[in-house]
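Chains, contacts and geometry: an overview
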Amino acid sequence: MVSGEQSESLDDRAGEALRLRRLEPPGEPVSVAAFIEELALPHHPSPPGARPRVMLNMVATADGRATVGGRSGTISDRADRELFHGLRSAVDGVLVGAGTIRTERYGRMIRDASVREARRAAGRSAEPLACIVSGRLALPEDIPLLNEPEARVVMLTASAASLPDPSAQVDYVRSPDGQLDLVAAIAELGERFDIRTLLCEGGPHLARQLLAAGLMDEIFLSVSPLLAGGEPAGGEALRILAGAELEPPVALDLLGVLGCGSTLFLHYGVSVGGASD
């Protein structure tokens, strides 16, 4: 049984400042802004030739569904959204697959003008670079992000084509042999665009590809207190990873656990040694 305070909807208390409970390691409650500051993402050291620090941020129901009704927003709450935007505000680039861009209808990376100004004041770009993985550049022309004149976008693609007259500033990282090379593409993001911290927001196929290629360093997983059940058309309920089974499974190191209401926020490091014995 949960207390009345815990069972109350976070969205019903939208005017109150959120405080996250520190469950592991234990400690005093912390604001989202203070937690993001502790991660020191803007100050991540980047040795010469090192690839960007790559992190995954995903949300899932307690029974493992990454979407309900085809979208992740249906299982997110206020605390998850604040962490989502907080992580975005602290990184150099946001990496996302074309399918997620289409489904979630991505707009500009940071909508809050005060956050953009704070980044400028710190000597950084106003917004993280939007990095879209699209093998064939099959994106609708009406995606809001591509129609935002102030947006900076890089397409990671195996195609030799270009997007037709986007309003956004668009560059390309191309794999010349017709097969997208994520290792080379992410290294080029660091070399050409000075990306030191890269936040992947999915989708599940891209997340699995990054893990399989040894490109993932950390995972932020929000566990929503929902049970969804069900099997979408095709017989596969979408989880935070999709595609072939990882061989061997990737081991994770628990770095921390936060809580807000009945939602849990898990922070993992990706073990470089592979699966646990």
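The written sequence of each chain sets the order in which its residues are numbered from 1. Two thresholds apply to this predicted model, a pLDDT of at least 70 for residue-level local features and 80 or more for giving and counting side-chain atom pairs, whereas whole-chain, interface and lining totals are computed over all residues. Each side-chain value is derived from all of the structure's non-hydrogen atoms; neither hydrogens nor water enter the calculation.

A word on the pattern of salt bridges. Put simply, a salt bridge is a Lys or Arg side-chain nitrogen that is within 4 Å of an Asp or Glu carboxyl oxygen. Applying the stated criterion across every chain, the model contains 13 salt bridges. E82 is the partner of R78 in a salt bridge, and the nearest nitrogen-oxygen pair spans 3.1 Å. Separated by four residues within a single helix, R78 and E82 lie in helix α3 (residues 78–90), roughly one turn from each other. We call a residue buried when its accessible area falls under 20% of the maximum for its residue type, exposed when it is over 50%, and partly exposed in between, using a 1.4 Å probe and counting protein chains only. R78 sits in the buried class, given a relative accessible area of 11%. Note that E148 is salt-bridged to R108, the shortest N-O span being 3.9 Å. Of this pair, E148 sits in the loop between β5 (129–133) and β6 (152–157) while R108 sits in the loop between α4 (98–104) and α5 (113–121); the two residues are 40 residues apart in sequence, bridging distant segments of the chain. Taking relative accessible area as the criterion, R108 reaches 16% and is therefore assigned buried. Runs of H or I in DSSP of at least four residues are treated as helices and runs of E of at least two as strands, each being numbered from the N terminus.

Attention now goes to the nonpolar core. Most often, soluble globular proteins keep nonpolar side chains buried together rather than apart. Put simply, a nonpolar core is a bunch of buried Ala, Val, Leu, Ile, Met, Phe, Trp, Tyr and Cys residues held in one set by side-chain atoms that sit within 4.5 Å of each other. Formed by 39 residues in total, the largest nonpolar core has its most connected members in L145, V153 and M155. Elements that contribute at least two residues to this core include exactly α2 (32–39), α3, β4 (93–97), α4, β5, β6, β7 (169–174) and β10 (252–260). Leave out the neighbours within four places in its chain, and L145 touches I101, Y106, G107, R108, M109, A130, I132, A151, V153 and A168. Within the second largest apolar cluster, 33 residues are counted, among which are M58, V173, A185 and F193. Here, two residues are considered to be in contact whenever any of their heavy atoms come within 4.5 Å of each other.

Every buried residue of helix α7 (residues 204–212) is accounted for by P204, L206, A207, R208, L210 and L211. Of the surrounding secondary structure, the elements contacted by the buried residues of α7 are β3 (53–61), β4, β5, α6 (182–193), β8 (197–200) and β11 (263–270). Positioned one or two residues after α7, G214 has a phi angle of 70°, which is positive.

Secondary-structure assignment places H205 in helix α7. Residues H205 and L241, 36 residues apart in the sequence, show an inter-C-alpha distance of 6.0 Å. Sequence-distant contacts of H205, defined by excluding residues within four places in its chain, comprise A242 and G243.

What counts as a ring pair is set by centres within 6.5 Å for rings of Phe, Tyr and Trp (its six-membered ring), and what kind of pair is set by the plane angle: stacked under 30 degrees, edge-to-face over 60, tilted for all other angles. In this structure the tally under the stated criterion is zero aromatic pairs. Here, over-ring charges are defined by two tests on the NZ atom of lysine or the CZ atom of arginine: distance to the ring centre within 6 Å, and angle to the ring normal within 35 degrees. Sitting over the face of the ring of Y172, R174 holds its NZ or CZ atom 4.3 Å from the ring centroid.

By secondary structure assignment, the location of E201 is in the loop between β8 and α7. A sequence separation of 100 residues divides E201 from I101, and the C-alpha atoms of the two residues are 9.9 Å apart. Apart from the residues within four sequence positions on either side, E201 is in contact with N57, M58, F84, R88, V94, L95, T100 and Y106. Engagement of the side chain of E201 in a polar contact is seen with the side chain of R88, the distance being 2.9 Å. Whenever a nitrogen or oxygen atom comes within 3.5 Å of another N or O atom, the pair is scored as a polar contact, on the condition that within protein one atom can donate a hydrogen and the other can accept it, and that pairs from neighbouring residues in sequence are kept only if both atoms are in side chains.

This part is about the pairing of β3. The element β3 is largely enclosed, with a buried count of nine among its nine residues. Only strands joined by at least two bridges in the DSSP assignment are considered to pair. Pairing between β3 and β8: four bridges, direction parallel. Residue pairing for β8: M55 is matched across the bridge by L199. Note that β3 and strand β9 (residues 218–224) share seven bridges and pair parallel.

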